[in-house]
Amino acid sequence: MLENIQGHDELLADDNRLDSEFTAYVNALPEERQPQSRPQERRLFNEWESGLKNDLRRWQTELSVLSNQSNEVSVLGGAQRKLIGLLNDVAEEMGMRPSAATTPEVRPTAKAGGHRASSSSPAAAVSGEQIRLSDFIPSSGDPNPAEIQFPDGTTGRLKSQRDLMLATVEWLWQQGNLTKAHCPIGPKRGKNYYVSTKPAHSDGSPFAKSDRAPVGPYYVNTKLPYGQLVSATRTIVEHAGLHPTQFQVLLG
């Protein structure tokens, strides 16, 4: 099962490979089932993509069951963290959200070095805990982020959840890491942008006025749930050529 998750993870993260795999899938179909037009091809792709999502849901449920049975803490904890991260990315990119009823909640406890160690039982995040942005998977009831430490050692104070994204964009812009050439930034297969030089998404719909914020020459869309705000911040960092492990989040 872990090999299947790894395979799906790599496939969904590589657009070129995803296109190649879909083309191979189509070519292997009987001639009568092969699409004869672009609309038919799009419908077939959606069906194929739904199959990937169903596989992920099934593995999600199986790991949830294993989490209540297995004593292999290090292996299981790693598998759960990987699956949760993958499901969050899939939810963001494909317009779905992992079900709260079946998602195995892994809340590792803090340890020295700015990241969490794996644990066999959930442990709520606590105020004063510092977490790498790459490892940060917030859950309902977690404290809001209070501060972010950037790669150069400077910090930014955060008054709300959305400030995590805004402070990161501002730092990347001021450091010259984020340029207009990087924009627009959004999920790989979604229509909504996170950062753009215009306050509009790919389909022309505007950023919500109450949830858009100008940062230098950019508009930042913060109309996202807490978990997706964090995931979007990681995406922005990666588009700017840095890695989320270089950023530390302090919970308030």
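In what follows, the structure referred to is the one given above.
We now turn to the structure provided with this report. Note that this is a predicted model, so its numbers are computed, not measured.

Brief notes about helix α6 (residues 226-239)
Here comes step 1: Here α6 is 14 residues long and its end C-alpha atoms lie 20 Å apart, about the 20 Å a rise of 1.5 Å per residue gives.
Here comes step 2: Among the 14 residues in α6, 10 count as buried, and that is most of the element.
Here comes step 3: Among the residues making up α6, those that are buried are Tyr226, Leu229, Val230, Ser231, Ala232, Thr233, Arg234, Thr235, Ile236 and Val237.
Here comes step 4: Of the residues flanking the end of α6, it is Gly241, one or two places downstream, whose phi is positive at about 90°.

A short note on the side chain of Asp163
Here comes step 1: In this structure, Asp163 sits in helix α5 (residues 163-174).
Here comes step 2: Side-chain polar atoms of Asp163 contact the backbone nitrogen of Lys159, separated by 2.9 Å.

Examining the packing of aromatic side chains
Here comes step 1: Applying the stated criterion across every chain yields a total of 4 aromatic pairs.
Here comes step 2: Measuring from centroid to centroid gives 6.1 Å for Phe136 and Tyr226, while their planes differ by 85°, and the two rings are edge-to-face. In this pair, Phe136 sits in the loop between β3 (130-132) and β4 (145-149) while Tyr226 sits in helix α6, placing the two residues 90 residues apart along the sequence.
Here comes step 3: Considering the side-chain rings of Trp171 and Phe247, the 5.8 Å spacing of their centres and the 90° angle between planes classify their relative orientation as edge-to-face. With Trp171 in helix α5 and Phe247 in the loop between α6 and β9 (248-251), the pair connects residues that are 76 residues apart, well separated along the chain. Taken as a pair, Trp171 and Phe247 share a single burial class, namely buried.

Here we look at the sheet that holds strand β8 (residues 218-221)
Here comes step 1: Pairing is antiparallel in the open sheet, where 3 strands are placed in the order β6-β8-β7. The sheet is open, and its two borders are formed by β6 (195-196) and β7 (212-215), each paired with just one other strand.
Here comes step 2: Bridge count between β6 and β8: 2 bridges; the pairing is antiparallel. What sits directly across from Val195, in β8, is Val220.

Observations concerning the packing of α5 against α6
Here comes step 1: With their axes 9 Å apart at the nearest point, α5 and α6 run at an angle of 10° to one another. If you check the angle between α5 and α6, you find them roughly parallel. Contact with α5, carried on its side by Leu164, Met165, Thr168, Val169 and Leu172, involves Leu229, Val230, Ala232, Thr233, Ile236 and Val237 of α6 and no other residues of that element.
Here comes step 2: Across the contact of α5 with α6, the residue classes break down as 9 nonpolar, 2 polar and no charged.

Some words on the sheet that holds strand β5 (residues 155-157)
Here comes step 1: Read across the sheet, 4 strands follow the order β3-β9-β4-β5 without closing on themselves; strand pairing throughout is antiparallel. One side of each edge strand has no neighbouring strand; the edge strands of this open sheet are β3 and β5. For this sheet the average axis-to-axis angle between neighbouring strands, irrespective of direction, equals 25°.
Here comes step 2: In this sheet, β9 lies alongside β3 in antiparallel orientation, the contact comprising 3 bridges.

Parameters at a glance
- Residues numbered from 1 in each chain as written.
- Predicted model: local features only at pLDDT ≥ 70, side-chain atom pairs only at ≥ 80, totals over all residues.
- Heavy atoms only, no water.
- Helix = DSSP H or I, 4+ residues; strand = E, 2+ residues; numbered from the N terminus.
- Expected span 1.5 Å × (residues − 1).
- Buried < 20%, exposed > 50% of the residue type's maximum accessible area, 1.4 Å probe, protein only.
- Polar contact = N/O pair within 3.5 Å; in protein donor to acceptor, adjacent residues only side chain to side chain.
- Phe/Tyr/Trp six-rings, centres within 6.5 Å; stacked < 30°, edge-to-face > 60°.
- Pairing = 2+ DSSP bridges.
- Axes fitted to C-alpha atoms, helices over the stretch in contact; angles between N-to-C directions.
- Parallel < 35°, antiparallel > 145°, perpendicular 65-115°, else oblique.
- Contact = heavy atoms within 4.5 Å.
- Nonpolar A, V, L, I, M, F, W, Y, C, P; charged D, E, K, R; others polar.

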